[in-house]
Amino acid sequence: MSLASLTFNSADELFNLTKHRDPAFLEALEAHDPAATTEELLDWVARVFDGQVPDTPLEIRHICLAPRGIEALFTIEDVAAAPHALQPGPGEGPDLPPWQADPRLAPRVRDILDTVAAGTKHVISPDSGARLPVLCNLDMESYLAAEGTGRVIVAQWVEHAKRHADNVWISLRDRRIHYNPRALPRSWIPGTFAKTLACAVHHAGAIARQVRDPQPPRQILVLETPFPHIGHHIWNGISGWETLGRYLPAGDPRLRAGYFARVNEFCTVRELRPAAIPPENVLRLANAHDARRRAFEEGALIQLLKDNFLRSATIETVMRTAREKSDPAFRDRLAAMRRSCYPLVLLTIRTDNRAWVNQAAGWPDLIARLRRRFPRLGVVIDGTNSDVVKAGSHALMSVDEEHRLAAGIEAAIGDPAQVLNTVDMPVPHSLTAGEACDLFVAPLGAGMAKYRWINNLPGVVFSNPTFLHRRDPDSLLYDHFRDVPEKSVYLDPAAVVEVEDSYAGTRRANFDVDVAALAEAVLGLIDGLAGLHRDTDRDGTG
């Protein structure tokens, strides 16, 4: 099969080629030397980067073996080994543009603003320190630049929650890669570089034309990073539009913004659009291949927006959008519960991954203990949502099991006026329900992006002992990364028992909970909140 005939719609789709499990294919693959095969691929691509498209076809083996070949052929070094400082932070001085002096801006946001101001993206040569204009995208986060007769690939590959700009510098001629280890693990580089080479092969004709006749970009297309994960979509995908919009110039006809179809569309740049980008310049893209097509066929320069801090204006827009998209009858029912129930508690069901193994009995037991003090307790049951993409660890979670557990909780409560089930509803319904609640009780997980980062509810968090013993920002991230966050109460690790190492180490292990200790923590929090929330018509003591 010719590699040039393939269309890559996602990184996962491409990486699946490198993880081919067909025995006959694997046996045939082993007949080829990875280094020699990758040399053929690199020679082919080098000719494209010189403005030629080779007649020799490439095969699937070239990309499948490329990660191993890259590991063998390239020296991969910490960026500190390069002769120049490659990623300056915010600076000072009268000649700096204002966004470069603003410490609140993520490096990725500053890079996009620099690109808009200059009309193209510039990168820094790891060898000379010179600023080089890019020739074109190779993939959505990688770029080709020329320095003399040499070619440099500069990429913005980062871990999901990181917001760095340029972090990887690849010299094909010297077979040398410099990377920033604070932005991504070294182990990511061979596979991600192989994906970039595959995209270069697929779009060889357009790249060669741009190299022969360099043209400034006709469009600068700023895209939300497509995360198949609700937590990262809220935290890193949409959080940068507000700060980007502070400095975007109005009236730039090249400027476009885009988001991806069927990837967490409950709130995107469509709703968070900076004023400098008119509505007609906001694009809904089918997939990553559609974005690359615009880059190579329509002369767009792509930059992926990433940040990791939610500001009040973004949160307010997300909530306004949620209210508008939730059903009026649903909002009326919430209002009735808010009037008749106290406290109104949001419970989160989580299955299969870092989950409470006895929650089928545990949730009704907890509710019974709370109702002894608060007979008019109201409960919102939340879980995964119908309108988000579930991949990675979330792919393990069973919506059918969530429905079964929710039905058991509803039956235990008995009175429909005191319980509302939002499992498998769209995200706007979960956010609107969370806004009405007084507090949450939940296992640590991505659902907290909704009721911590957006709703800013106080609550009680529990998880496996590994997580509860940790006190670093990465573990307590839902208590950070937004304006004026409420602090959560974390269950004493002594009240939790690790049951199984179910997935990828102890950080994914399932667990059991001492319900009496959990109830005590929840009641203590309610008592602390009483002065804030209770009034004469919301006194749940009966």
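Residues numbered from 1 in each chain as written. Predicted model: local features only at pLDDT ≥ 70, side-chain atom pairs only at ≥ 80, totals over all residues. Heavy atoms only, no water.

With respect to the sheet that holds strand β2 (residues 122–124)
Alright, step 1. Strand order in the open sheet made by the seven strands is β1-β7-β6-β5-β4-β3-β2, with mixed pairing throughout. Two strands lie at the open edges of the sheet, namely β1 (75–78) and β2, each paired on one side alone. Looking at each pair of strands side by side, their axes are set apart by 30° on average, direction ignored.
Alright, step 2. Of the strand pairs in this sheet, β1 and strand β7 (residues 176–179) are connected by four bridges, and their pairing is parallel. By the bridge assignment, D78 is partnered in β7 with Y179.
Alright, step 3. Strands in contact with helix α8 (residues 204–212) are β3 (131–139), β4 (142–147) and β5 (150–155); relative to β3, the strand with the most contacts, it is inclined by about 165°. (Pairing = 2+ DSSP bridges. Helix = DSSP H or I, 4+ residues; strand = E, 2+ residues; numbered from the N terminus. Axes fitted to C-alpha atoms, helices over the stretch in contact; angles between N-to-C directions. Contact = heavy atoms within 4.5 Å.)

Some thoughts on the side chain of T314
Alright, step 1. Here T314 is to be found in helix α13 (residues 312–325).
Alright, step 2. In this structure, T314 is in contact with I238, S239, E242 and L272, ignoring residues within four places of it in sequence.

A short note on the packing of aromatic side chains
Both the distance between ring centres and the angle between the ring planes are used here to describe each pair of aromatic rings.
Alright, step 1. The final tally for this structure, using the stated rule, is eleven aromatic pairs.
Alright, step 2. Measuring from centroid to centroid gives 5.2 Å for W235 and W453, while their planes differ by 40°, and the two rings are tilted. With W235 in helix α9 (residues 230–237) and W453 in helix α18 (residues 448–454), this pair connects stretches of sequence that are 218 residues apart. Of the two residues, W235 and W453, neither departs from the other in class, the shared state being buried.
Alright, step 3. Between W453 and Y478, the aromatic rings sit 4.7 Å apart at their centres with planes inclined by 45°, giving tilted as the arrangement. In this pair, W453 is assigned in helix α18 and Y478 in the loop between α19 (465–469) and β17 (489–490), connecting sequence segments 25 residues apart.
Alright, step 4. Cluster of aromatic residues (ring-pair linked, three or more members): W235, W453, Y478 and F481.
Alright, step 5. Above the face of the Y143 ring, K121 is positioned so that its terminal group lies 5.3 Å from the ring centre. (Phe/Tyr/Trp six-rings, centres within 6.5 Å; stacked < 30°, edge-to-face > 60°. Buried < 20%, exposed > 50% of the residue type's maximum accessible area, 1.4 Å probe, protein only. Lys NZ or Arg CZ within 6 Å of the ring centre and 35° of its normal.)

Quick notes on the sheet that holds strand β11 (residues 300–305)
Alright, step 1. Taken in spatial order, the four strands of this open sheet run β10-β9-β8-β11, and their pairing is parallel. Each having just a single partner strand, β10 (282–285) and β11 make up the two edges of the open sheet. On average, each strand axis in the sheet is tilted by 30° relative to the strand beside it, whichever way the strands run.
Alright, step 2. Here four bridges tie strand β9 (residues 255–260) to β10, and the two strands are oriented parallel to one another. Within β10, the position partnered with G258 by the bridge is L283.
Alright, step 3. Across the sheet, helix α6 (residues 107–118) touches β8 (219–224), β9 and β11, and the angle it forms with β11 is around 160°.

Section: the packing of helix α5 (residues 66–73) against helix α7 (residues 188–202)
Alright, step 1. One can describe the packing of α5 onto α7 by two numbers: an axis separation of 8 Å at closest approach and a directional angle of 115°. Comparing their axes, α7 and α5 come out roughly perpendicular. In this structure, α5 meets α7 at a crossing whose hand is right-handed. Facing A66, P67, I70 and E71 of α5, the residues of α7 in contact are P190, G191, F193, A194 and L197. (Parallel < 35°, antiparallel > 145°, perpendicular 65-115°, else oblique. Left-handed = near helix turned anticlockwise from the far one by under 90°.)

Here we look at the environment of V345
Alright, step 1. By the secondary structure assignment, V345 is in strand β12 (residues 344–348).
Alright, step 2. The class for V345 is buried, based on a relative accessible area of 1%.
Alright, step 3. Spatially, the C-alpha atom of V345 lies 9.3 Å from that of A436, the residues being 91 residues apart in sequence.
Alright, step 4. Filtering out sequence-adjacent residues up to four positions away, V345 remains in contact with L377, G378, V379, V380, C437, L439 and V441.

Notes on the packing of helix α3 (residues 34–49) against α5
Alright, step 1. Relative to each other, α3 and α5 sit at 95°, their axes nearing to 8 Å. As the angle between them shows, α3 and α5 are arranged roughly perpendicular. Across the interface between the two elements, P34, A35, T38, E39, L41 and L42 of α3 pack against A66, R68, G69, I70, A72 and L73 of α5.
Alright, step 2. In terms of residue class, the contact of α3 with α5 is built from eight nonpolar, two polar and two charged. (Nonpolar A, V, L, I, M, F, W, Y, C, P; charged D, E, K, R; others polar.)

Regarding the nonpolar core
Alright, step 1. Counting 100 residues, the largest nonpolar core has W241, L244, W363, V441, F462 and L518 as the members making the most contacts within it.
Alright, step 2. The greatest single-element share of this core, amounting to ten residues, is contributed by helix α20 (residues 515–533).
Alright, step 3. Ignoring sequence-local partners within four residues, the contact set of L244 consists of V109, I112, L113, V222 and L305.
Alright, step 4. Core analysis: the second largest hydrophobic core is formed by 44 residues, L144, L197, V201 and A208 among them. (Core = buried A, V, L, I, M, F, W, Y, C linked by side-chain atoms within 4.5 Å.)

Quick word on α6
Alright, step 1. Taking 1.5 Å of rise per residue, twelve residues should cover 16 Å, and α6 covers 16 Å from first to last C-alpha, within 8% of that figure.
Alright, step 2. Those residues of α6 hidden inside the fold are in contact with β8, α10 (241–247), β9 and β11.
Alright, step 3. Immediately beyond the C-terminal end of α6, within one or two residues, lies G119, with a positive phi of roughly 85°. (Expected span 1.5 Å × (residues − 1).)

Some words on the pattern of salt bridges
Alright, step 1. Inspection of the entire model under this criterion finds 34 salt bridges.
Alright, step 2. Where D252 meets R254, a salt bridge forms, and the shortest distance between an N and an O atom there is 2.6 Å.
Alright, step 3. Its relative accessible area of 13% is what places D252 among the buried residues.
Alright, step 4. Overall, the relative accessible area of 22% leaves R254 in the partly exposed class.
Alright, step 5. Of the charged contacts in the structure, one is a salt bridge between D382 and K450, with a shortest N-O distance of 2.8 Å. With D382 in strand β13 (residues 378–382) and K450 in helix α18, this pair connects stretches of sequence that are 68 residues apart. (Salt bridge = Lys/Arg side-chain N within 4 Å of Asp/Glu carboxyl O.)

Looking at the confidence of the model for the chain
Alright, step 1. Summarising the model, the chain shows a mean pLDDT of 88, and 87% of its residues fall at 70 or more.
Alright, step 2. Under a pLDDT of 50 for its full length, residues 502–506 has, in the predicted model, twelve contacts with residues more than four places off or in other chains.
Alright, step 3. Low pLDDT (under 50) marks residues 532–536, which in the prediction has seven contacts with non-local residues, meaning those over four places away or in another chain. (pLDDT = per-residue confidence, 0-100.)

Re the pairing of β5
Alright, step 1. For β5, the buried fraction is high: six of the six residues fall into the buried class.
Alright, step 2. Pairing of β4 with β5 involves six bridges; the strand directions are antiparallel. Pairing of A146 across the sheet is with R151, part of β5.
Alright, step 3. With antiparallel pairing between neighbouring strands as the criterion, β4 and β5 make up a hairpin whose turn holds two residues, including G148 at a positive phi of roughly 65°.

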